[in-house]
Every structure is written in C-alpha cells, then in structure tokens.
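Here are the chains, one letter per residue:
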Amino acid sequence: MDGWWVVGSSQNNAASDLVRARTQLLDGGQPRNPRLDAESLRQALVDLYELWLTSKGHELGITADSGLAVIAVGGLGRREMLPYSDLDLVLLHDDVDPARVAEVADQLWYPLWDAHIKLDHSVRTVAQAVRVASEDMIAALGMLEARHIVGDYELSNLLIGGVRREWRTGIRSRFDDLIAQAEARWQRSGEIAHRAEPDLKNGRGGLRDIQLLDALAIAQLTDAMPGLGPDVPGGGLKQAHRRLLDVRTELHRVAGRARDQLRAQDADEIGGALRIGDRFDLARTLSDSARTVSYSVDVGLRTAANALPRRGLARLRRMPVRRPLDEGVVEHGGEVVLARDARPQRDPGLILRVAAASAQTGLPMSATTLNRLSEDAPELREPWPKDALNDLLVLLGAGRGTIDAIEALDRTGLWGRLLPEWGAVRDLPPRDAMHTWTVDRHLMETVAYASALSTRVARPDLLALGALLHDIGKGRAGDHSVVGAELATHIGRRLGLWPSDVRTLSAIVRHHLLLPETATRRDLADPDTVQFVVDMLGGDPQLLELLHTLAEADSLATGPGVWGDWKASLIRDLVRRCRVVMAGDQLPTPAPIEPDLVAKAKAGGVHVDLRPGEGKHTHTVTVIAPDTPGLLSDAAGVLALHSLRVLSAALGSEGESAINTFVVSPKFGDPPDPGLLRQELIRAIAGDLDLPALLAKRERDAIGAGPSPYAQAQPRVIWSATATPGQAILELRAEDRIGLLSRLAAALEECGVDVRWAKVVTMGSAVVDAFCLELGADDGPERREAVEKAILDVVPRPAPKKPDDASLSN
C-alpha cells in the first residue's frame, strides 16, 4: 500500500496520482491491499487529500509567510471525506498581487479538474469571505466548518474566527431563516426513519441535521452533542452520527459515485459490508440513528430558541411563569419541567405524570427534566400503583400528542424502562410495503387513532392498552399474535389490571386480526363463519366491541388506503351478525350503599367525609346531604374548584338524603380539609357560590397557552330501557374536562329530570358515566333528544375539521 502515498510531485502537475491512490483505497480486498472499513476509509481519504494539497501548496509557494492559504470546507473541513465527495476549497489571499493569485489558483484548480475530481472552489480575501458568510446562509454554514490545510495559518485563523464571530453576533436575526431552511429541506426529503429509500444527507434525522446542531453550538446556543440519558438505546447521538456516515460511505463505494439516497437494491450489500445484516437490519439501524438525530435536533432548536439574546423591550419582560400542570410537574418557558419541590428519587410515577402532561398540553418535555428522570427516578414497583396506571391512560388518550411524548421517552431510555418488551419492536421495519411505519411507530399511531374512537367502547382503557400492545409480539420467533398475547398477560399483571381485564387485554392482542381476516376472506352469510368468531371470542360482546374499534384504528395506522368503505362495511356486517348471536350487552346497575352511610343519611344534615384511597394520590370523599335539586352539581363543582379530579362516583339515596361517594385525585399536593369542603358545599347549596363562572375561570387558567380545549373523540350517548316505566339509563362516553360531572348534573337539572342513581368512571382522560333518569310520563323521542342535546353541549368535542384534514374515521 505504500505506493499511493507518493502524490503531488512536481513531475506530475495533474492530480491523476491522487485519483489512482483513491482508486487503490476503494479497490481494497487483496492480501497486499486489505479492504478498509468505512471509518478507516474516510480517515485515509482525509489524509490523502491533505497530503496532496499540502505538497501542491508547497510546490506553488503557499507557505506560512506567503499571504496565501488553502482552507477546506465541506467533508474535508469536517474530516468526513467520503469516496466521491466534492472537494470544497477556498484560496485565501492578503495583499498579494492579483496576477500572482490568479496564477496560483490556476495551478491549484486545473490539475484537479483535469483528473475529473469534483471541485467547488473560490478565491477570496478574508473580508470578502466574511461578507459572503454574512449575506448567504448556505455559505455561512459551510464556512463554519472551515479548516486550515496549508499556507498562512494566521490568515486562516482570521477567516475562521471572523466567520464564527459574525455567526454568533448575527444569530438572533438569522435564527428564523435557519429553521425555515431546515423545515423546507425536511419537507423535500422526508424522514429517514420512515422512508424506503431515504436521503441520508438531507432527510430529517440525517447528516445535515448534525451540521445544524454544530452550527447552533458554534453560536453558543446549545450543546452539539446533547446528553440523552444513561439508558439511551443505540448509543446516543455520537453513535448515530457515525452510523449514518458509515452507511453513506458504503453507499458511495457500492454506487461508484457520489450518492445521498439509499436505494433498496443496494441495501443488502451495504448491510453486509458494515456487518449489520440484511436490508431489514440496515433499515432498523438507520431508523434508530435518524430518530435519535431528530430528537436531538428538536431539543437543540428549543434550547437555542430559549437562549437567544433578547433586545429592546423583550429584555424588560418578566421571567416565564411556572404554571402547574400536575403533582410535581409545571410548564416553564414553553416546556414541561419538574416543579422545584419534585423528588424524582422518591416518586417513581413522576415519569408518567411528566409524559402525560406533555401529551395533553402539546408542550415538549425539557431535555434536562428527561435526563434527571433517567438518572434519578426509581423503577415502578409491580404491580403498578393505580395512579401510575391512570397516568399511562392519560398519556395514551392524548391523540397525536401521545406520539411525541412516547418518542421523547424512548429516545432517552425511559420508555424501555417502563415497558421492557418494547425493545424487540423499536425501529423494527415492516415486512410488507403496505405498512408506512416501523412497528413501534405503528403502535403509537394506532394509539393515536384509537383515542379518536374511544367513545365507541365501554372500556376505553382496554382499547388504549390493546392498541399499544397489539403488535408487541413482532420481532420474536413465532406467531406475533400468540407471542404478543402471552406478553400482554405479563404486562397487564405488571400494570395492576384486574385478572378479568388481563384476560381481556390478552384476548385483544391474540385476536386483533380476527375480524378483518374473517370479514375479507370468509362468507359472512354462512352461519358457521359467525359462530366461529363468536366461539373464538368466548361469546364476549365487550371483546367484540373492542376488536371492532381496534380493527379500524389498526388499519388507519397502517397506511393510506388500508381502511375504506368496503372493508369497514364487511367488518360492520360481521360484528352485527355476531351481536345477534351473543344477544347484547349487560345494562349498568347501581352500586350498593354501605350500611354506615345509610345510618348517617337517616340522621340528616350535611356531612363530608374524606379518607385515604387505595392509591398514593387518591382519596374517597363521601357527601351526605338533603336530596335537593342541584346537589350533585354543587358537590361535584366544589370538588373541582379545589382541584380534586373525580376518578369515579357512585350516587344513591336513602329516605330524604342523598349519598354520593367520589374517588378523587388532587391535581397538586394534599386534598383540602373536609370541613372546608363542607362549608363550601353549604354555600353552594345556598346559592352563594357561582359555580359555573368559577369553573369556567378555573378551566381557562388551567388551559393557558398549552392544552387544547378540543377533545380527540366525538362524545357518544347511549339510551337503554329499564323495567320501570318513565325511567331510562343514559350512558355517556366522552372525554373529561374540569368540572364535567358538575356541568352534566346541572344540565340534567335544567332539563327537569331527576337522577335516581349514577355510576361515574374516569379512565385516563376518558369518562364513561351512566345515569338512571326519571323522565316521567312524557318520556319519548323529543324528550330524550332535548336531554341528549343538553348533555352534549357541556362535553368536550373535537375541533371542526378543515377541508384538508386527514380523516380519522369513516
């Protein structure tokens, strides 16, 4: 191999010797010329080009005191020279005769052109170069990577220092253009992680994004290599950078020319050369690397935006307000951060509360917060506390916000800590072209679609968990539905689900393909087909309902055209036939009242009792008071005003007294004293509290600039008959809001209906409320329509869709 180092001699003005040496490097594989790995090849090419340029520079008189210098930008400037990368050079001069400069430039550039080496060149003074960098964003980004090669070192330093100073002092006015340029590039080139033939250089998560981070670091706005926590999958940003460079290096070597887009036909060869595996293994590696880079860029841009120097009146503004979001969680500077008194070491559920707040508000989690949680937060004990499970359900019910929140947890190693089984599907590429996303992203997409369909089912919590886990068995040996069902059983027990719910969750995963496969492949008019499905589901109508909704969410999350009218109608027909065989669902029934509460009710008066609940942050509040119109609305409103979120409620009566029991969770800190709640309730009953106005203000304050006031799913009202004439059961499936139960009770009172009993359940961000209503003799379609309208007027509803919005359901 010694021969290729003899380059740039005066007997050979052309750079043909440089080309021969490069060819010898690329043709390695012989005993006397072993094949270099990708990183070694890049370093050898850097050494080769530097040696040729240094030798040629000395030959042309480009020395330390010549007033001339050769500067490398681009790949050679970054020491990332790829086999067929352009050679980007700047010839600097200072007080040198123009004829002399022109002569040196010709003798430097022409040999490279004659050897057919792609050359991007310029000849400038330091002042000219700095001015170009100040006027041209692309030129500025290139010169930030400038590196001295040969000649007057002080002249090179003047340029490098001047460009960097200009960049730092002007970054505030250029920052928006920098982001716009990056976003336009992402729009053109797409995401590397989810493209079949990604652009490794310009795509989102690619090498240009690494350079963007470097540019922000030079501006002293962020760290070029932000820490991602001790458990980050894939080795972090530095490893991701190297992997992208390695793949692009081998892409050049395989293509025999400069190329940025990885073609499918080259993937197996490149994967083998890098000892990664086949094209699927290579795709998984690229997805991991690109998503790590994308997350790092998101963090870097947020950090940089917050660090931008302020001018004028902006310097006089007050520091950002810390707005409480949940226990130990606040918003600060447009990010979700830990409260000052938060103690991650003693609060294993804090990870999920932070993520749930981020998903609901759409605000990103601070990188510092995620790093602190990675380092300090302990493991959740098994089974999980109910509070932690509820926070997970809030996270999964937040629509599109769920995806960004889980992605941030996953890139920092926290999601794998909560769900170790995720590692097998992380960045796992699909095996068929119908799937748009990697398996893990497909699961997140399914959860997001399922949240918009959650009011179709009586158990939105099991729908969300089933959506999250339905493909968890992929990436392992065996039928992924069978493997996944076993994993779902273990996960359900870890989460603390009831045994019956664990069985249902496992069945959801086991049979998530049953309805679409049966509906599209078998004769639905054949009774044996319907009986087969009913038998497979054990005659469980709730499981049928969950699988029906999951089939739609799964199809929508797979890719364009997978869900359509034909498929939807077939599955709907199959479900209808199965329901006939299963003979319907069971109606809600009132909860029994404990004897000691009955005794207090008979004694009369107003009583408020508050006791610790089963979870760390849950409490049971029992309200006993004269059963007067508006009591339920008043009691629920007082709880909401004191930041007590109603997780469940059972309403009953004994004689002249109402007995209402609420399971609540304080939004922050400890619950108020029960004596205070009693006094507030008495004021509300007397009409001294304007509960609707106070609740509206509380909701406005809570929303602030963060959470959307709109729901993910359309609310749904289901009427059922009872054996008593004039009575009916109204079941509401909707998303929660501050004071929802109080608003619902007030709406029912305004309609002139009496609530005989009620069962209220909150699952994450979804509510399933059943009210037994006394409608009286005028019970009929018009009466029920009026009640339903009053109910729907106070529940959250999705924002009206724009004409170009993607449809979430059919």
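Residues numbered from 1 in each chain as written. Predicted model: local features only at pLDDT ≥ 70, side-chain atom pairs only at ≥ 80, totals over all residues. Heavy atoms only, no water.

Peer 1: Which parts of the structure should I look at to understand the overall build of the protein chain?
Peer 2: Regarding its fold elements, the protein chain presents 30 helices and 15 strands. Along the three orthogonal principal directions, the C-alpha set of the protein chain runs to about 110 × 70 × 45 Å. With 810 residues in all, the protein chain has 55% of them scored as buried. Once local pairs closer than 6 in sequence are excluded, the contacts in the protein chain between residues at least 24 apart make up 71%. For the protein chain, the exposed surface amounts to about 35,600 Å²; the carbon and sulfur share of it is 50%. Each charge sign in the protein chain was given a centre, from 95 positive and 113 negative side chains, and these centres are 2 Å apart. (Helix = DSSP H or I, 4+ residues; strand = E, 2+ residues; numbered from the N terminus. Buried < 20%, exposed > 50% of the residue type's maximum accessible area, 1.4 Å probe, protein only. Contact = heavy atoms within 4.5 Å. Areas by Shrake-Rupley, 256 points an atom, 1.4 Å probe, with all protein chains shown as cover. Lys, Arg positive; Asp, Glu negative; His and termini not counted. Charge placed at Lys NZ, Arg CZ, Asp CG, Glu CD.)

Peer 1: Help me understand the side chain of Ser555 in this model?
Peer 2: Turning to its location among the elements, Ser555 is positioned in helix 23 (residues 541–558). In this structure Ser555 touches Val562, Trp563 and Lys567, once residues within four positions along its chain are discounted.

Peer 1: What should I look at first to understand the confidence of the model for the protein chain in this one?
Peer 2: Close inspection of predicted coordinates is inappropriate for parts of the model with low pLDDT. Per-residue confidence for the protein chain gives a mean pLDDT of 89; residues scoring 70 or more make up 92%. Contacts of residues 312–318 to residues separated by more than four positions or lying in other chains number 3 contacts, the stretch itself having pLDDT below 50. The low-confidence segment residues 803–810 (pLDDT under 50) makes 19 contacts with residues lying over four places distant or belonging to another chain. (pLDDT = per-residue confidence, 0-100.)

Peer 1: Can you walk me through the pattern of salt bridges in this structure?
Peer 2: Note that side chains of opposite charge can pair when their charged atoms are close. The full count for this structure, using the stated rule, is 52 salt bridges. A network of salt bridges, in which partner residues are shared, links Arg243, Asp288, Arg291, Glu407, Asp410, Arg411, Arg426, Asp427 and Asp440. (Salt bridge = Lys/Arg side-chain N within 4 Å of Asp/Glu carboxyl O.)

Peer 1: I tried to follow the packing of aromatic side chains on my own but got confused; where do I start?
Peer 2: One pair of aromatic rings is described through two measures. These are the centre distance and the angle between the planes. Under the criterion given, the structure shown has 2 aromatic pairs. When the ring of Tyr110 is compared with that of Trp113, the centres are 4.9 Å apart and the planes differ by 90 degrees; the resulting orientation is edge-to-face. You can see Tyr110 and its partner Trp113 sitting in helix 4 (residues 98–114), 3 residues apart, about one turn around the helix. Overall, Trp113 belongs to the partly exposed group, its relative accessible area being 32%. Measuring from centroid to centroid gives 5.8 Å for Trp415 and Trp422, while their planes differ by 85 degrees, and the two rings are edge-to-face. For the pair formed by Trp415 and Trp422, the shared burial category is buried. In this structure, Arg522 is placed above the aromatic ring of Phe532, and the distance from its NZ or CZ to the ring centre is 4.6 Å. (Phe/Tyr/Trp six-rings, centres within 6.5 Å; stacked < 30°, edge-to-face > 60°. Lys NZ or Arg CZ within 6 Å of the ring centre and 35° of its normal.)

Peer 1: Looking at this structure, I do not really get the state of the cysteines. What am I missing?
Peer 2: A disulfide bridge is the covalent bond that connects two cysteines by way of their sulfur atoms. Tallied over the entire structure, the rule returns 0 disulfides. Among the cysteines around Cys751, which has no disulfide bond, Cys772 carries the closest sulfur, lying 16 Å off. (Disulfide = S-S within 2.5 Å.)

Peer 1: So what exactly am I meant to see when it comes to helix 11 (residues 279–307) here?
Peer 2: Structural remark: α-helix, 3.6 residues per turn; residues separated by three or four positions point the same way. Helix length check: helix 11, at 29 residues, gives a terminal C-alpha distance of 41 Å against a target of 42 Å (1.5 Å per residue), a fit within 8%. The N-terminus of helix 11 is capped by Asp278, whose side-chain oxygen sits 3.0 Å from the backbone nitrogen of Phe280. (Expected span 1.5 Å × (residues − 1). Polar contact = N/O pair within 3.5 Å; in protein donor to acceptor, adjacent residues only side chain to side chain.)

Peer 1: Looking at this model, I keep getting lost on the environment of Arg79. Mind explaining?
Peer 2: Among the secondary structure elements, Arg79 is positioned in the loop between helix 3 (74–77) and strand 2 (87–93). C-alpha separation for the pair Arg79 and Glu335, spaced 256 residues apart in sequence, amounts to 36 Å. When near neighbours in sequence (up to four residues on either side) are disregarded, Arg79 contacts Val46, Glu50 and Arg147.

Peer 1: Sorry, what's going on with the packing of helix 12 (residues 350–361) against helix 14 (residues 386–396) here?
Peer 2: In a packed pair of helices, the relevant descriptors are the angle between the two axes and the axis-to-axis distance. The geometry of helix 12 relative to helix 14 is characterised by a closest axis approach of 8 Å and an angle of 25 degrees between their N-to-C directions. For the element pair helix 12 / helix 14, the angle class is roughly parallel. Both helix 12 and helix 14 take part in a crossing whose hand is left-handed. Here Leu352, Arg353, Ala355, Ala356, Ala359 and Gln360 of helix 12 come into contact with helix 14, specifically with Ala388, Asp391, Leu392, Val394 and Leu395. Across the contact of helix 12 with helix 14, the residue classes tally to 8 nonpolar, 1 polar and 2 charged. (Axes fitted to C-alpha atoms, helices over the stretch in contact; angles between N-to-C directions. Parallel < 35°, antiparallel > 145°, perpendicular 65-115°, else oblique. Left-handed = near helix turned anticlockwise from the far one by under 90°. Nonpolar A, V, L, I, M, F, W, Y, C, P; charged D, E, K, R; others polar.)

Peer 1: Looking at this structure, how should I read the side chain of Thr222?
Peer 2: Its location among the elements puts Thr222 in the loop between helix 8 (207–218) and helix 9 (236–255). On the basis of relative accessibility, which here comes to 15%, the residue Thr222 falls in the buried class. In this structure Thr222 touches Leu213, Leu216, Ala217, Gly300 and Thr303, once residues within four positions along its chain are discounted.

Peer 1: Would you mind going over the pairing of strand 14 (residues 754–763) with me for this structure?
Peer 2: A regular strand places its side chains so that they alternate between the two faces of the sheet. Both strand 10 (residues 644–654) and strand 14 contribute to a ladder of 4 bridges, which runs antiparallel. In the strand pairing of strand 14, Leu651 is matched with Ala758. Counting the residues that bridge the hairpin from strand 14 to strand 15 (residues 766–774) gives 2 residues, and of these Gly764 lies at a positive phi of roughly 65 degrees. (Pairing = 2+ DSSP bridges.)

Peer 1: Mind showing me how you'd approach unusual backbone geometry here?
Peer 2: Peptide bonds are trans in most cases, and residues, glycine excluded, mostly fall at negative phi. Here Glu382 and Pro383 are connected by a cis peptide whose omega angle stands at -5 degrees. Tracing the backbone through its elements, the reader meets Pro383 in the loop between helix 13 (367–376) and helix 14. In this model, Asp95 sits at a positive phi of 55 degrees, which is unusual for a non-glycine residue. Tracing the sequence through the fold places Asp95 in the loop between strand 2 and helix 4. A relative accessible area of 79% means that Asp95 is categorised as exposed. Despite not being glycine, Arg275 shows a phi value in the positive range, around 60 degrees. Among the structural elements, Arg275 can be located in the loop between helix 10 (264–273) and helix 11.

Peer 1: So what exactly am I meant to see when it comes to the packing of helix 18 (residues 460–469) against helix 20 (residues 499–510) here?
Peer 2: Where helix 18 contacts helix 20, the axes come no closer than 9 Å and their chain directions differ by 45 degrees. Comparing the axis directions of helix 18 and helix 20 gives the class oblique. Judged by the twist between their axes, the crossing of helix 18 over helix 20 is right-handed. For the pair helix 18 and helix 20, the contacting residues are Leu462, Leu465, Gly466 and Leu469 in the first and Asp501, Thr504, Leu505, Ile508 and Val509 in the second.

Peer 1: What is the right way to read helix 7 (residues 153–189) from this model?
Peer 2: Across its 37 residues, helix 7 extends only 38 Å between first and last C-alpha, which sits more than 12% below the 54 Å expected from 1.5 Å per residue. At Ile171, helix 7 shows its maximal kink, close to 80 degrees. For helix 7, the side-chain oxygen to backbone nitrogen distance between the N-cap and Glu154 is 3.1 Å, and the N-cap itself is Asp152. In the stretch just after helix 7, Gly190 is the one whose phi turns positive, near 75 degrees. (Bend = angle between axes of the 7 residues up to and from the residue.)

Peer 1: For this particular structure, what's the right way to read the nonpolar core?
Peer 2: Burial of nonpolar side chains together is a common tendency in soluble globular proteins. In this structure, Met365, Leu392, Leu395, Trp415, Trp422 and Leu469 are the most contacted members of the largest nonpolar core, which totals 95 residues. Among the elements that make up this core, the one with the highest residue count is helix 23 (9 residues). Setting aside anything within four residues of it in sequence, one finds Leu469 in contact with Leu419, Ala488, Ile491, Leu505 and Val509. Counting 53 residues, the second largest nonpolar core, distinct from the first, contains Ala129, Leu216, Ala219 and Leu301. (Core = buried A, V, L, I, M, F, W, Y, C linked by side-chain atoms within 4.5 Å.)

Peer 1: Would you mind showing me how to read the sheet that holds strand 13 (residues 727–735) here?
Peer 2: What holds strands together in a sheet is hydrogen bonding between their backbones, with the strands either parallel or antiparallel. Taken in spatial order, the 8 strands make up an open sheet running 8-9-11-10-14-15-13-12, and their pairing is antiparallel. A strand with exactly one partner marks an edge of an open sheet, and here the two such strands are strand 8 (607–612) and strand 12 (716–721). On average, each strand axis in the sheet is tilted by 15 degrees relative to the strand beside it, whichever way the strands run. Where strand 12 and strand 13 come together, 6 bridges link them in antiparallel fashion. Pairing of Ser720 across the sheet is with Ile729, part of strand 13.

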